[in-house]
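Residue-level listing of the chains:
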Amino acid sequence: GVRSKDCSHLYCRDCWTRYIEGWLNDSRGTGGGLLSVRLYCPYPQCLSQVTREHIERVLDTTMSPFSSPSEHPLMKLHDELALNSFVRGFLTSVHYCPGPDCNQILVRSGDGIFATDGGRDENF
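Residues numbered from 1 in each chain as written. Predicted model: local features only at pLDDT ≥ 70, side-chain atom pairs only at ≥ 80, totals over all residues. Heavy atoms only, no water.

> Explain the overall build of the chain here, please?
A tally of helices and strands in the chain yields three helices and six strands. In the chain, the succession of α and β elements from N to C terminus is β-β-α-α-α-β-β-β-β. Expressed as a percentage of its 124 residues, the buried residues of the chain come to 31%. Contacts in the chain between residues at least 24 apart in sequence constitute 39% of all its contacts with a sequence separation of at least 6. As displayed, the chain offers around 7,800 Å² of accessible surface, 52% of which is attributable to carbon and sulfur atoms. (Helix = DSSP H or I, 4+ residues; strand = E, 2+ residues; numbered from the N terminus. Buried < 20%, exposed > 50% of the residue type's maximum accessible area, 1.4 Å probe, protein only. Contact = heavy atoms within 4.5 Å. Areas by Shrake-Rupley, 256 points an atom, 1.4 Å probe, with all protein chains shown as cover.)

Written out as structure tokens, the structure reads:
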């Protein structure tokens, strides 16, 4: 079994994986991202927060075809939702490029707009 970081509540890996998957799908559905929906130990009324490291530990042995926990589809979804939350939190200075199928993040500063690949566009 696997315990939450700050409590002694023990759950099997399958239950943890289903719990994490449900949370990620709910987070995707809210549109608010991971920063607006925290994950806590599934034990009723337990306030021990589940971290990214804990999720990696849960997925570590359930990822048979994956070379590392970060390759697991649930971890990739977690990271995508976390990045989306971060970008939404800085809407005045950070946003996605509006181009079709473009995932480039643009950062506005006093010196203009910079793409995350280091490119610069003064006319955005």
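Structure's up, so let's keep going.
> In this structure, what is going on with the confidence of the model for the chain? I would like to understand it.
When pLDDT is low, close inspection of the predicted coordinates is not appropriate. Summing up the model confidence of the chain, the mean pLDDT is 75 and the portion of residues at 70 or higher is 71%. Mean pLDDT values over the elements of the chain span from 48, in strand E6 (residues 120–121), up to 90, in strand E2 (residues 10–11). (pLDDT = per-residue confidence, 0-100.)

> I keep staring at the packing of aromatic side chains and nothing clicks. Help me out?
What describes a pair of aromatic rings is the distance from one ring centre to the other and the angle between the planes of the rings. Applying the stated rule across the entire model yields two aromatic pairs. Here Tyr11 and Trp16 contribute two aromatic rings whose centre-to-centre distance is 6.0 Å and whose plane-to-plane angle is 75°, an arrangement assigned as edge-to-face. Here Trp16 falls in the buried class, since its relative accessible area comes to 0%. In textbook terms, an aromatic cluster arises when at least three aromatic residues are bridged by ring pairs, as seen for Tyr11, Trp16 and Tyr19. (Phe/Tyr/Trp six-rings, centres within 6.5 Å; stacked < 30°, edge-to-face > 60°.)

> Any chance you could explain the nonpolar core here in plain terms?
For soluble globular proteins, the rule of thumb is that nonpolar side chains tend to be buried together. One finds Trp16, Ile20, Leu24, Leu39 and Ile55 to be the most contacted residues of the largest nonpolar core, which totals 14 residues. Secondary structure elements with two or more residues in this core: helix H1 (13–30), helix H2 (52–59) and helix H3 (73–89). (Core = buried A, V, L, I, M, F, W, Y, C linked by side-chain atoms within 4.5 Å.)

> Help me understand the pattern of salt bridges in this model?
Side chains that carry opposite charge are capable of pairing whenever their charged atoms lie near each other. This structure, assessed with the given rule, holds three salt bridges. The salt bridge involving Arg52 is made with Glu56; its shortest N-O contact spans 2.4 Å. One end of the pair is Arg52 and the other is Glu56, both in helix H2 and four residues apart, which spans about a single turn. Classification of Arg52 by relative accessible area gives partly exposed; the value is 26%. Among the salt bridges present, the one from Glu71 reaches Lys76, with a minimum N-O distance of 3.6 Å. Of the residues examined, Lys76 reaches a relative accessible area of 45% and is grouped as partly exposed. Taken together, the shared-partner salt bridges connect Arg52, Glu56 and Asp79 into one network. (Salt bridge = Lys/Arg side-chain N within 4 Å of Asp/Glu carboxyl O.)

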